[in-house]
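# Reading the structure
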Amino acid sequence: MPKVNWNEEWEKNYDPIEVDDLVFVRASFHDPAPGFQYEIVINPKMSFGTGHHATTYQMLKHQAEIDHKGKRVLDVGSGTGILAIMAHLLEAQEIEAFDIDEWCVENGNENFDLNGLSTRMDIGTIREVNPQGKFDIILANINKNILLDEMEIYAELLDSKGFLLLSGFYTEDIEDLLDHAAPLGLSLYKKNSKDNWAALILQKD
């Protein structure tokens with residue numbers, strides 16, 4: 001087989017992402033683009049969360065609809081760190097982020113550095129990391145089963161009138177998640193879908 005520069009091939013096929021005129025998500029080898037409110041630089045390696053997937057795209061849009069300024073934000077299953085970076089751009093005061101995958105943590109911290117975050121991503125599940133205190137906003141783009149399993153923890157960590165942004169599941173799963181959230185004092189604030197992938201904003205009573 002001929003020798004191939006796989007990094008170069010990967011770069012050719014990794015396109016920037018435009019989330020309306022809100023945010024331009026690019027790799028460090030892409031040129032900046034004018035006309036966007038925000039720019040995020042992500043070198044994803046093997047981590048999830050580049051903005052290409054409908055769930056990440058919707059989470060970014062939902063984040064822009066919630067006031068982050070001066071807020072305390074928790075990013076659960078942070079992946080590349082893209083949602084934590086968006087929270088930083090939206091002027092969150094304090095951001096905590098973690099992931100179960102060591103590769104994600106390493107990559108996420110590199111992306112934090114690229115975007116001017118002093119936050120360091122932790123490793124482990126939410127039970128292992130055991131975040132403390134109350135958060136104004138919790139971000140969780142994972143999958144349905146984990147969200148259902150951890151929903152009670154999110155509710156406990158969320159301050160009154162705080163927002164829980166969820167994605168990583170299909171539109172047909174929305175009812176199950178809302179049924180699970182209601183007894184925990186979490187009610188639907190907004191929902192959206194793209195390519196049959198759903199995203200919810202829940203608010204705590």
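All values derive from a computational prediction rather than experimental measurement. (Residues numbered from 1 in each chain as written. Predicted model: local features only at pLDDT ≥ 70, side-chain atom pairs only at ≥ 80, totals over all residues. Heavy atoms only, no water.)

### Points about the layout of surface pockets
Rules: Note on definitions: the grid is 1 Å and covers protein atoms alone; a cavity is a set of points where a 1.4 Å probe fits but cannot get out; a pocket is an open set with protein on both sides within 12 Å along at least five of seven lines; lining residues have an atom within 4 Å of a point. Grid points are joined across faces, edges and corners, and a volume is the space filled by probe spheres set on the points. For the purposes of this entry, the term helix denotes a DSSP run of H or I that reaches at least four residues, the term strand denotes a run of E that reaches at least two, and both are numbered from the N terminus. Classes in brief: Ala, Val, Leu, Ile, Met, Phe, Trp, Tyr, Cys and Pro nonpolar; Asp, Glu, Lys and Arg charged; the others, Gly included, polar.
Here the largest pocket is characterised by a volume of approximately 320 Å³. In this structure, the largest pocket is lined by 17 residues; those nearest its centre are Gly77, Asp99, Ile100, Ile142 and Ile146. Within the residue set of the lining of the largest pocket, elements represented by two or more residues are β5 (94-99) and α6 (144-157). Across the lining of the largest pocket, the residue classes tally to eight nonpolar, seven polar and two charged.

### Quick word on the pairing of strand β10 (residues 197-204)
Worth spelling out the cut-off: Partly exposed residues are those whose accessible area sits between 20% and 50% of the maximum for their type, while under 20% is buried and over 50% is exposed, using a 1.4 Å probe and protein chains only. When DSSP finds two or more bridges between a pair of strands, those strands are recorded as paired.
With six of eight residues buried, β10 is to be regarded as a mostly interior element. Direction of pairing for strand β8 (residues 158-170) relative to β10: antiparallel, over a ladder of seven bridges. Looking at β10, one finds that Tyr170 is bridged to Trp197. Joining the antiparallel neighbours strand β9 (residues 186-194) and β10 is a turn of two residues, in which Asp195 adopts a positive phi near 55°.

### Some words on the nonpolar core
Quick reminder of the rule: To qualify as a nonpolar core, a set must consist of buried Ala, Val, Leu, Ile, Met, Phe, Trp, Tyr and Cys residues joined through side-chain atoms within 4.5 Å. Contact definition: two residues touch when any of their heavy atoms are within 4.5 Å.
Membership of the largest hydrophobic core comes to 33 residues, with the highest contact counts inside it found for Val23, Val25, Ile40, Leu60 and Leu165. Within the residue set of this core, elements represented by two or more residues are β1 (17-19), β2 (23-26), α2 (54-64), α3 (82-89), β5, α4 (102-114), β7 (135-141) and β8. The element best represented in this core is α3, accounting for six residues. Setting aside chain neighbours within four positions, we find Leu165 in contact with Met59, His62, Gln63, Ile66, Ile137, Ile138, Leu139, Ala140, Leu200 and Ile201. Among the nonpolar cores identified, the runner-up in size contains 25 residues, and Val76, Val129, Met151 and Leu186 belong to it.

### Some words on the side chain of His68
Heads up, the condition is: The definition of a polar contact used here is a pair of N or O atoms within 3.5 Å, where within protein one atom must be able to donate a hydrogen and the other to accept one, and adjacent residues in sequence count solely through side-chain atom pairs.
With respect to the helices and strands, His68 occurs in the loop between α2 and β4 (72-76). Taking relative accessible area as the criterion, His68 reaches 1% and is therefore assigned buried. At 2.8 Å, the side chain of His68 and the backbone oxygen of Ile66 are in polar contact. With residues near it in sequence (within four places) discarded, His68 still touches Gln63, Val73, Ala87, Leu90, Glu91, Ala92, Gln93 and Ile137.

### Thoughts on α2
The buried count for α2 comes to nine of eleven residues, which makes it a mostly enclosed element. Within the span of α2, buried status applies to Ala54, Thr55, Thr56, Tyr57, Gln58, Met59, Leu60, His62 and Gln63.

### As for unusual backbone geometry
You will see that Asn130, though not glycine, has its phi angle at about 55°, which is positive. Mapped onto the elements of the fold, Asn130 is located in the loop between α5 (126-129) and β7. On the accessibility criterion, Asn130 (46% relative accessible area) is partly exposed. In this model, Lys161 sits at a positive phi of 70°, which is unusual for a non-glycine residue. Within the secondary structure layout, Lys161 lies in strand β8.

In short, geometric facts, not functional conclusions.
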